[in-house]
Amino acid sequence: GTACTLSSTQIGCDWSVGPPSTQSQGDAWPRVRAGPSPLKSQFRLWSPLSSGPNPFKFQFGSWPPVSSGPSPSEAGGGSCSASQGPVSAGSVNLGAAAAFAVLATSAVTDAGGSQINGDMGTSTGIALPVYAPYSPPTPGLNGKLHPNDATAIAARAAAVAALIDIKARSNGETALGGVVELGGKTLSPGLYTATSTMQLIAGDLTLDAGSDPNAVFIFRMPTTFSTAADRKVILAGGANPKNIFWSAGTAATFAARCTMQGNIFAGTAITFAAGCTHHGRAFALGTACTLS
């Protein structure tokens, strides 16, 4: 919605994904991604969901063919270099947002010393720090700056579409309660929700994919997501940051020297304190992203 602020932070993504493929969440609420050729769904009873900039065309029945719209509308997962590889079943397509490491609405601020691997942009404001190679020897940006240009605006629309997808999911949901403490837990792939906040304070969080590199983890909360200093999200069993999604209804705040993994969506602001490392993307869809 507004801005994203950074400081002494490493943030970016280093995986690649490929052409969109059929993706479903189950009989109750499947997701189907359009690809370069007609796809097929094995679901007998399901609800169509249009996603991406172009609507899809659906046919109903047992083993119905599904044809894509005017053009493939979503590229999923993605890398900061925009290389594409296969999208895993159940993953969330990021489309045009996939090339961005940091995307805010109003501003991105950096206290200095940050390393950004991927594009950076704002969708309404033009407040962006100056990075190398644009003005060496300032802190490095291994990507492009997009101050409220068409690329950033399209990326924000794609990020919002991905967030709508995340919020609509319910299959396999594990409801964790109100104020959810994630510290000290080891979790398997799935959808985890809270009715209030999520926090990583009491210890580190381990995400174990069980030797499935395509395993998807989704964490959804209506308000804030926060960590204590030095806390870590640890990946095990082949878990991949591209398939980890955090959706905070308001702000996401990460204390000093924490290590985060995955794609972070915040309804307002995202703040990384000094010394944080984030393997993934940060989408501040309400205000700013701050690296302090």
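Note that the structure is a prediction, hence the values are computed from the model and not measured.

Brief notes about the overall build of the protein
Here comes step 1: Counting secondary structure elements, the protein contains one helix and 25 strands.
Here comes step 2: Residues counted as buried form 51% of the 292 residues belonging to the protein.
Here comes step 3: For the protein, the share of sequence-separated contacts (at least 6 apart) that also reach a separation of at least 24 residues comes to 57%.
Here comes step 4: Entry remark: accessible area of the protein is about 11000 Å², with carbon and sulfur atoms responsible for 57%.

Some remarks on the nonpolar core
Here comes step 1: Ranked by internal contacts, the top residues of the largest apolar core, which has 41 residues, are Leu 182, Phe 219, Trp 246, Phe 254 and Ile 270.
Here comes step 2: Once residues within four sequence positions are removed from consideration, Phe 219 is found in contact with Leu 182, Leu 187, Tyr 192, Met 198, Leu 205, Leu 207, Phe 245, Trp 246 and Ser 247.
Here comes step 3: Formed by 20 residues, the second largest nonpolar core is a distinct cluster that contains Phe 100, Ala 152, Ala 158 and Leu 191.

Observations regarding the sheet that holds strand β13 (residues 186-187)
Here comes step 1: One open sheet accounts for three strands, arranged β13-β16-β19; its pairing is parallel. Where the open sheet ends on each side, the last strands, each with one partner, are β13 and β19 (233-236).
Here comes step 2: Sheet topology note: the strand β16 (residues 205-208)/β19 ladder contains four bridges and is parallel. In the sheet register, Thr 206 faces β19, and the bridge partner there is Ile 234.

Some thoughts on the packing of aromatic side chains
Here comes step 1: With the rule as written, the count across this model stands at six aromatic pairs.
Here comes step 2: Look at Phe 219 and Trp 246: their rings are 4.2 Å apart centre to centre, the planes differ by 15 degrees, and that puts the pair in the stacked class. In this pair, Phe 219 sits in strand β17 (residues 217-221) while Trp 246 sits in strand β20 (residues 244-248), placing the two residues 27 residues apart along the sequence. Residues Phe 219 and Trp 246 agree in their burial class; the two are buried.

Side note on the pairing of strand β5 (residues 100-104)
The side chains of a regular strand alternate between the sheet's two faces.
Here comes step 1: Counting buried residues along β5, five of its five residues qualify, which places the element largely inside the surrounding structure.
Here comes step 2: With three bridges joining them, β5 and strand β24 (residues 277-284) adopt parallel strand pairing. Within β24, the residue paired with Val 102 across the bridge is Ala 282.

Considering unusual backbone geometry
Among all residues save glycine, negative phi is the norm, and among peptide bonds the norm is trans.
Here comes step 1: In this structure, Asn 148 is a non-glycine residue whose phi angle is positive, near 55 degrees.
Here comes step 2: Of the residues examined, Asn 148 reaches a relative accessible area of 29% and is grouped as partly exposed.
Here comes step 3: Look at Arg 257: it is not a glycine, yet its phi comes out positive at around 65 degrees.
Here comes step 4: Mapped onto the elements of the fold, Arg 257 is located in the loop between β21 (252-254) and β22 (259-266).
Here comes step 5: Taking relative accessible area as the criterion, Arg 257 reaches 45% and is therefore assigned partly exposed.

Cut-offs and rules
- Residues numbered from 1 in each chain as written.
- Predicted model: local features only at pLDDT ≥ 70, side-chain atom pairs only at ≥ 80, totals over all residues.
- Heavy atoms only, no water.
- Helix = DSSP H or I, 4+ residues; strand = E, 2+ residues; numbered from the N terminus.
- Buried < 20%, exposed > 50% of the residue type's maximum accessible area, 1.4 Å probe, protein only.
- Contact = heavy atoms within 4.5 Å.
- Areas by Shrake-Rupley, 256 points an atom, 1.4 Å probe, with all protein chains shown as cover.
- Core = buried A, V, L, I, M, F, W, Y, C linked by side-chain atoms within 4.5 Å.
- Pairing = 2+ DSSP bridges.
- Phe/Tyr/Trp six-rings, centres within 6.5 Å; stacked < 30°, edge-to-face > 60°.

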